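Structure assessment
Listed here are the chains, written in short residue letters.
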Amino acid sequence: MVEGKYFFNGKDITMNMFIQIRDVIDIIQETTGLNFPDATLAFYESQTYKALQNTENTLWAESAGYIADRYFEECTETNCI
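Residues numbered from 1 in each chain as written. Predicted model: local features only at pLDDT ≥ 70, side-chain atom pairs only at ≥ 80, totals over all residues. Heavy atoms only, no water.

1. Side note on the overall build of the protein chain
Summing up its helical and strand segments, the protein chain has four helices and two strands in all. The order of α-helices and β-strands along the protein chain, N terminus first, is β-β-α-α-α-α. In terms of overall size, the protein chain behaves like a compact globule, its C-alpha atoms giving a radius of gyration of 13 Å where 81 residues would be expected to give roughly 12 Å. A principal-axis box enclosing the C-alpha atoms of the protein chain has dimensions of 35 × 25 × 20 Å. Within the span of the protein chain, comprising 81 residues, buried residues form 36% of the whole. Carbon together with sulfur atoms contributes 52% to the accessible area of the protein chain, which is approximately 5100 Å² in total. On the protein chain, the mean spot of the 5 positive side-chain charges and the mean spot of the 13 negative ones are 9 Å from each other. (Helix = DSSP H or I, 4+ residues; strand = E, 2+ residues; numbered from the N terminus. Rg over C-alpha atoms; globule rule 2.2 N^0.38 Å. Buried < 20%, exposed > 50% of the residue type's maximum accessible area, 1.4 Å probe, protein only. Areas by Shrake-Rupley, 256 points an atom, 1.4 Å probe, with all protein chains shown as cover. Lys, Arg positive; Asp, Glu negative; His and termini not counted. Charge placed at Lys NZ, Arg CZ, Asp CG, Glu CD.)

Structure, rendered in structure tokens:
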């Protein structure tokens, strides 16, 4: 993988990833009331974000709502918020 880029089946999906990340962080903000820096840090420290980085599992192709739900399920288990 080229540093700073995301690929799936040889195609650059970097923009898709950035849009998904932004949309998930927006949902975290709306749901929790966290400000942008805190919501971003909370998401970046999560296992859900780590799973999203693995483009082969195609989590990036799911909706932002689905990814956010996975994040909140993780938080229920680990008290990450």
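2. Some thoughts on the environment of S63
In this fold, S63 is placed in the loop between α3 (47–53) and α4 (64–78). For the pair S63 and V24, spaced 39 residues apart in the sequence, the C-alpha separation amounts to 9.0 Å.

3. Brief notes about the packing of helix α1 (residues 14–32) against helix α2 (residues 36–44)
As a packed pair, α1 and α2 sit with axes 9 Å apart at the nearest point and diverge in direction by 115 degrees. Between α1 and α2, the angle falls in the class roughly perpendicular. α1 and α2 meet at a crossing whose hand is right-handed. Touching I21, V24, I25, I28 and Q29 of α1 are F36, A39, T40, F43 and Y44, all from α2. In terms of residue class, the contact of α1 with α2 is made up of eight nonpolar, two polar and no charged. (Axes fitted to C-alpha atoms, helices over the stretch in contact; angles between N-to-C directions. Parallel < 35°, antiparallel > 145°, perpendicular 65-115°, else oblique. Left-handed = near helix turned anticlockwise from the far one by under 90°. Contact = heavy atoms within 4.5 Å. Nonpolar A, V, L, I, M, F, W, Y, C, P; charged D, E, K, R; others polar.)

4. Observations concerning the packing of aromatic side chains
Tallied over the entire structure, the rule returns six aromatic pairs. Arranged with centres 5.4 Å apart and planes meeting at 70 degrees, the rings of F43 and Y49 form a pair that is edge-to-face. Overall, the relative accessible area of 0% leaves F43 in the buried class. (Phe/Tyr/Trp six-rings, centres within 6.5 Å; stacked < 30°, edge-to-face > 60°.)

5. A short note on α4
Taking 1.5 Å per residue as the helical rise, α4 with its 15 residues ought to reach 21 Å, and the 21 Å between its terminal C-alpha atoms agrees with that figure. Where α4 is concerned, the buried positions are A64, I67, A68, Y71, F72, E74 and C75. End-on, the buried residues of α4 take up no more than an arc of 155 degrees, which puts them together on one face. Across from the buried face of α4, at angles greater than 90 degrees, the exposed residues are E73, T76 and E77. Buried residues belonging to α4 abut α1, α2 and α3. Following α4 by one or two positions, N79 has its phi on the positive side, about 55 degrees. (Expected span 1.5 Å × (residues − 1). Arc of directions from axis to C-beta.)

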